[in-house]
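For reference, the chains in residue letters:
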Amino acid sequence: MSKETTKDMNYYSDITPDFAPREVTFDPIPVFQYKKTLAKELKSRTISKAESMRLYECMLTIREFEDMILKLRTGAYEAIADYNYRGPTHLSIGQEATSAGVCSVLSLADYITSTHRGHGDSIAKGVFAIFEMTEDQLRERRPDCADLKGRKLQDAVMEDHVFRTIAELFGKEDGYGKGRGGGMHIADFRVGHLGANAIVGGGVPIATGAAMTCRLEPEHERITACFAGDGAYANGVVLESLNWAAQSQYTGDMAQTKFGLPVVYCIINNHYGMTGRCQDEVTGVDFLARRGAGFGLNNMHAEVVNGMDPLAVRDALARARKIMLDGKGPVLLEFDTYRYYGHSLSDPRNEYRTRDEETRYREIDPLKTFRKALIDADVATDKQLQNLEEKVAQRNERAAQRAAESADPAPEDVIKYMYTDTVCSDVPAKFQKVETYSEPPTIKRDKDNRITVRDSIKEALIEEMLRDNRVVFYGEDVADYGGAFKATKGLLEMFGRNRVFNAPISEACICGTAVGMAMSGYRPVAELMYMDFSLMASDQIANQAAKWHYMVGGATEVPLVYRVSVGGGKGYGGQHSQSLESVFCHIPGLRVVYPSNAYDTKGMLKTAIRDNNPVMFVESQLLYNEKGTVPDDDYLVPFGEANVLRQGDDVTILAWGPAVPDAVTAGETLAKENISAEVIDLRSLVPLDETTIFESVRKTGRCVVVSQCVDIGSFTGDIVARVTRECFDYLDSPPVKVGAANGIAPQAYSLEQAFLPNAGDVMAAAKSLM
């Protein structure tokens, strides 16, 4: 690309006081710069003969695996001709050079994320990790092969890698994800593969988060390679991720540690999203590498690379790796490649591309061209390559037979791995060392040892960040400003900008990077200023954070906390007032809690940070100034245990969050009318304390469930259904729900008062059951 200029108005008066137009130049983006041959690479010793053969073996392994999928659809794969494969068929045949070339440069400790078309990436990461492993590491993966050594041991582990990949594709218990995720979600955390992703672009913020972990531990010299297709680079969260990675706060004057994010975004441009053409149709650029110019003054070191040549890919990745380990990341590489088949095997591909186009790309098939290069460079003879090709084919056949015959997951385990039951009871020694840079911010207690809910949040964060250096906190305006509601004022000064920092206004990326950090060993607390904004991040919360523990059969945990605040009752209108906890109670894999007082807020936030599940921690802005007695020492409030605030015999009132004060007021007023109400603060919604609920309802025979959620679709309905099912014989009246009106939160005070439930509504509901 030639150097380009554009007119730009600069609004910083110290730079252009007269607001005059000026020329801004952009560095050119290199395209197809690699001109070497295998013979030249061997001569310069940038690659060895053994490494060249490993590249070819990796590409062969990918091709053989995907040819198997192709043949299974027609019964042509003779090794398991009768096997009925019923999974997805998103083939990457033609793209092998990109997967193999990238992963050949990665270390065992480096991370990758991948796509729904990610079989090749997964296989390649495993292949080169296995080539790097010591014999002890190999035996750890195959303890049944303890008597093997050298290449025989390596071959046994390699075959096991292929077997577990096929087993996952087939939905088998021996698969990498125990058959829960399947091929579109395949992962192997032992070699840094954080997962393929069926959501287009869904893995990009996760990779960005993993790179945040790498940045905080530069001594490990780890990087993250993020594979995503051309279609992903029109996706909002992907563009958010590029901006996130290129932030000046990593390398500029504000940085505590000046080190750019070590992530390389690998655009796998096979020219089609599903059928939409990247070029000349669904984008306005010739190369997607141009995206880098929108986020970094250095174009994010963007480059367009021949993705059909594994040596060109390898060269680009090696240069990118050095850039990243020098602290100058991120890097954006576009690999120009091609998929020889359609989006899936149900796509005949004849409606949107021509046979001539396919033929041209088949002439530069990476396996065919690299095979020739190996012979021309005297790396191997034709016979030696034939032997390797037969070896790879036979290995795949044996693995496929074993996978087809292996056990299916037991039906009774259908929701096994939905949650982990582990918590962080003991912090590893190396993370117990915590640096602070100022005294803790002052938290004012009155004579009764009371503090506000707002300060209980701050105290919980301080205690947990002092306990565990892996706890980091970020969100919009949470650093210098201390958050929109000042709940975190002083944390930046105490812990520094490596652990407390502002995020761009990118809710999806806030939530997605937290997933990546959690999956790579940290324990992030991410704040969304308003719960309404969680809808903008719902994929990263619901499809990523909530699902990964299950989809990989418990192979990873996702210990993170999303702090979200509800603005209802303050006149903020329909987009800043929604109480959406019911939405997330209906997302399996998430913990959801909503405390109503200062004591529970501190204790439950500490519990959330130590829990190894993703936790949606809901806060009410109406309660931030409410005071309660809170010990200034370490204590936890367990999840799944409700709190009986008032004993009663006539009716049970269940509530959470800001509905609890109304329930208490209603209970006290009902008592004056000789109605004895038992008031229970549920505080934990997922998990829910059904034992306490059912014991109370069986005693009182009546039940009212209260929240500030709109009534339709509310979690109150789920609770009523459970009470009805489990306590039916004890009920004197049908349980009732009390919630916000089935509408949109209004701004007008008079309307909002009518919209939200109050103590009078709770009383009326209770009386209706008598």
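Once a new chain begins, its residue numbering starts again from 1 and follows that chain's sequence as written. Given that the model is predicted, a residue must reach a pLDDT of at least 70 before its local features are reported, and side-chain atom pairs must reach 80 or more before they are shown or counted; all residues, however, enter totals for whole chains, interfaces and linings. The side-chain quantities take in all heavy atoms of the structure and omit both hydrogens and water.

1. Details of the overall build of the protein
Stage number 1. Comment: elements are numbered from the N terminus, with helices defined as DSSP H or I runs of at least four residues and strands as E runs of at least two. Helix and strand counts for the protein stand at 26 helices and 21 strands.
Stage number 2. A principal-axis box enclosing the C-alpha atoms of the protein has dimensions of 95 × 75 × 55 Å.
Stage number 3. Expressed as a percentage of the 770 residues in the protein, the buried residues total 59%.
Stage number 4. Contact between two residues is taken to exist if any of their heavy atoms lie within 4.5 Å; hydrogens are not considered. For the protein, restricting intrachain contacts to residue pairs at least 6 apart in sequence, the fraction spanning at least 24 positions comes to 78%.
Stage number 5. Each accessible area value is a Shrake-Rupley result obtained with a 1.4 Å probe; residue values ignore everything except the protein chains displayed when judging cover. Of the roughly 30,600 Å² that the protein leaves accessible, carbon and sulfur atoms contribute 50%.
Stage number 6. Mean positive and mean negative side-chain charge positions of the protein (86 and 108 charges, respectively) differ by 4 Å. Accessible area is worked out with a 1.4 Å probe on protein chains only. A residue is then buried under 20% of its type maximum, exposed over 50%, and partly exposed in between. Under the counting rule used here, the positive set is Lys and Arg, the negative set is Asp and Glu, and His together with the chain ends is not counted. Working definition for charges: the position is that of NZ of Lys, CZ of Arg, CG of Asp or CD of Glu.

2. Section: the confidence of the model for the protein
Stage number 1. pLDDT gives the predictor's per-residue confidence on a scale running from 0 to 100. Mean pLDDT for the protein: 95, with 97% of residues reaching 70 or above.
Stage number 2. Counted against residues more than four places away or in other chains, residues 1–13, with its pLDDT under 50, gives 33 contacts.

3. Here we look at the layout of surface pockets
Remark: the empty space left among the atoms is shown by a probe the size of a water molecule rolled over them.
Stage number 1. Using a grid of 1 Å spacing that covers the protein atoms alone, one calls a set of points a cavity when a 1.4 Å probe fits there but cannot get out, and a pocket when the set is open and has protein on both sides within 12 Å along at least five of seven lines; lining residues are those with an atom within 4 Å of a point. Grid points are joined across faces, edges and corners, and a volume is the space filled by probe spheres set on the points. By volume, the largest pocket is sized at about 440 Å³.
Stage number 2. For the largest pocket, the lining is made up of 20 residues, of which Leu216, Lys433, Glu435, Asn469 and Tyr522 are closest to its centre.
Stage number 3. Residues are sorted three ways: Asp, Glu, Lys and Arg are charged, Ala, Val, Leu, Ile, Met, Phe, Trp, Tyr, Cys and Pro are nonpolar, and all the rest, Gly among them, are polar. Across the lining of the largest pocket, the residue classes break down as 8 nonpolar, 5 polar and 7 charged.

4. Regarding the packing of aromatic side chains
Stage number 1. The aromatic pairing rule takes the rings of Phe, Tyr and Trp, using the six-membered ring of Trp, and pairs them if the centres are within 6.5 Å, calling planes under 30 degrees apart stacked, those over 60 edge-to-face and the rest tilted. Within this structure, the stated rule accounts for 15 aromatic pairs.
Stage number 2. Between Tyr85 and Phe170, the ring centres sit 5.7 Å apart and the planes meet at 45°, which makes this aromatic pair tilted. Note that Tyr85 is positioned in the loop between helix 2 (49–72) and helix 3 (96–103) and Phe170 in the loop between helix 6 (150–169) and helix 7 (204–216), a separation of 85 residues in sequence. Exposure class is identical for Tyr85 and Phe170. Each is buried.
Stage number 3. Taking the centre distance of 5.7 Å and the plane angle of 70° together, the rings of Phe485 and Tyr530 count as edge-to-face.

5. Some thoughts on the sheet that holds strand 18 (residues 677–681)
Stage number 1. At least two DSSP bridges between two strands are needed for those strands to be called paired. The strand order across the open sheet built from 5 strands is 16-18-17-20-21, with neighbouring strands paired in mixed fashion. The outermost strands of the open sheet, each flanked by one partner alone, are strand 16 (643–646) and strand 21 (736–740). Across the sheet, the mean angle separating the axes of adjacent strands is 25° when strand polarity is ignored.
Stage number 2. Bridge count between strand 17 (residues 651–655) and strand 20 (residues 703–710): 4 bridges; the pairing is parallel. Across the sheet, the residue bridging to Thr652 is Cys703, located in strand 20.
Stage number 3. Here helix 24 (residues 715–727) sits on the sheet and contacts strand 17, strand 20 and strand 21; the angle it forms with strand 20, its principal contact strand, is near 160°. In this analysis an axis means a line fitted to C-alpha atoms, helices contributing only their contacting stretch, and an angle means the value between N-to-C directions, from 0 to 180 degrees.

6. What to know about the nonpolar core
Side chains of a nonpolar character, in soluble globular proteins, are inclined to be buried together.
Stage number 1. Remark: nonpolar core denotes a set of buried residues (Ala, Val, Leu, Ile, Met, Phe, Trp, Tyr, Cys) joined through side-chain atoms within 4.5 Å. In this structure, Tyr233, Tyr265, Tyr474, Tyr562 and Leu682 are the most contacted members of the largest nonpolar core, which totals 99 residues.
Stage number 2. With 9 residues, helix 17 (residues 507–519) is the single largest residue contributor to this core.
Stage number 3. Ignoring anything within four residues of it in the chain, the contact list for Tyr474 reads Met212, Trp244, Phe501, Ala503, Ile510, Thr513, Ala514, Met517, Pro524, Val525, Ala526 and Glu527.
Stage number 4. Listed in part, the 86 residues of the second largest apolar core include Tyr34, Met59, Cys145 and Ala377.

7. Description of empty space enclosed by the protein
Stage number 1. For the structure on display, the rule yields 5 cavities of 30 Å³ or more.
Stage number 2. Quantified by volume, the largest cavity comes out at close to 120 Å³.
Stage number 3. Lining the largest cavity are 13 residues, with Arg215, Tyr250, Arg497, Asn498 and Phe501 sitting closest to its centre.
Stage number 4. Counting residues per element, the lining of the largest cavity draws most heavily on helix 7, which supplies 3 residues.
Stage number 5. Tallied by class, residues from the lining of the largest cavity come to 8 nonpolar, 3 polar and 2 charged.

8. Some points on helix 22 (residues 659–672)
Note on helix geometry: an α-helix contains 3.6 residues per turn, so any two residues three or four positions apart are oriented the same way.
Stage number 1. Spanning 14 residues, helix 22 covers 21 Å between terminal C-alpha atoms, matching the ideal 20 Å at 1.5 Å per step.
Stage number 2. Along helix 22, the positions that sit buried rather than exposed are Ala659, Val660, Ala663, Ala666, Gly667 and Leu670. In a view along the axis of helix 22, the buried residues occupy a sector of 120°, so they form one face of it.
Stage number 3. Taken together, the buried residues of helix 22 touch strand 16, strand 17, strand 18, strand 20 and helix 26 (759–768). To estimate how far a helix should reach, multiply one less than its number of residues by 1.5 Å. It is the directions from the helix axis to the C-beta atoms whose arc is reported.

9. Quick look at the sheet that holds strand 4 (residues 224–229)
Stage number 1. With parallel pairing, 5 strands are arranged side by side in an open sheet as 3-4-5-7-6. Of all the strands in the sheet, just strand 3 (111–113) and strand 6 (303–306) have a single pairing partner and so form its edges. The average undirected angle you get between the axes of adjacent strands in this sheet is 25°.
Stage number 2. The strands touched by helix 3 are strand 4, strand 5 (263–269) and strand 7 (331–336); relative to strand 4, the strand with the most contacts, the crossing angle is about 170°.

10. Looking at the environment of Asp188
Stage number 1. Tracing the chain through its elements places Asp188 in the loop between helix 6 and helix 7.
Stage number 2. Residue classification places Asp188 among the buried residues on the basis of a relative accessible area of 5%.
Stage number 3. Asp188 sits 57 residues away from Ala245 along the chain, and the two C-alpha atoms are 24 Å apart.
Stage number 4. Filtering out sequence-adjacent residues up to four positions away, Asp188 remains in contact with Arg141, Tyr176 and His193.
Stage number 5. What qualifies as a polar contact is a pair of N or O atoms within 3.5 Å, subject to a donor-acceptor requirement within protein and to the restriction that residues adjacent in sequence count only when both atoms come from side chains. One polar contact links Asp188 to Arg141, side chain to side chain, over a distance of 3.1 Å.

11. What about the side chain of Ser596?
Stage number 1. Its location among the elements puts Ser596 in the loop between strand 13 (591–593) and helix 21 (598–610).
Stage number 2. Of note is the side chain of Ser596, whose polar atom sits 2.6 Å from the side chain of Asp681.

12. Observations concerning the packing of helix 4 (residues 119–132) against helix 6
Stage number 1. Contact pair helix 4 / helix 6: the axes reach a minimum separation of 10 Å and the direction vectors enclose 160°. Regarding the angle of helix 4 to helix 6, the classification is roughly antiparallel. For the crossing formed where helix 4 meets helix 6, the hand is right-handed. Here His119, Ser122, Ile123, Gly126, Val127, Ile130 and Phe131 of helix 4 come into contact with helix 6, specifically with Arg151, Gln154, Val157, Met158, His161, Thr165 and Leu169.
Stage number 2. Its residues assigned to classes, the contact of helix 4 with helix 6 comprises 7 nonpolar, 6 polar and 1 charged. By the definition adopted for this analysis, an angle is roughly parallel if under 35 degrees, roughly antiparallel if over 145, roughly perpendicular if from 65 to 115, and oblique otherwise. The handedness criterion is simple: a crossing whose near helix is rotated anticlockwise from the far helix by less than a right angle is left-handed, and one whose near helix is rotated clockwise is right-handed.

13. Section: the packing of helix 7 against helix 8 (residues 236–245)
Stage number 1. For the pair helix 7 and helix 8, the least separation of the axes is 8 Å and the interaxial angle reads 20°. By the angle between their axes, helix 7 is roughly parallel relative to helix 8. For helix 7 against helix 8, the interelement crossing comes out left-handed. Residue-level inspection shows Val204, Pro205, Thr208 and Met212 of helix 7 in contact with helix 8, the latter providing Val237, Val238, Ser241, Trp244 and Ala245.
Stage number 2. A breakdown of the residues in the contact of helix 7 with helix 8 according to their chemical character gives 7 nonpolar, 2 polar and no charged.

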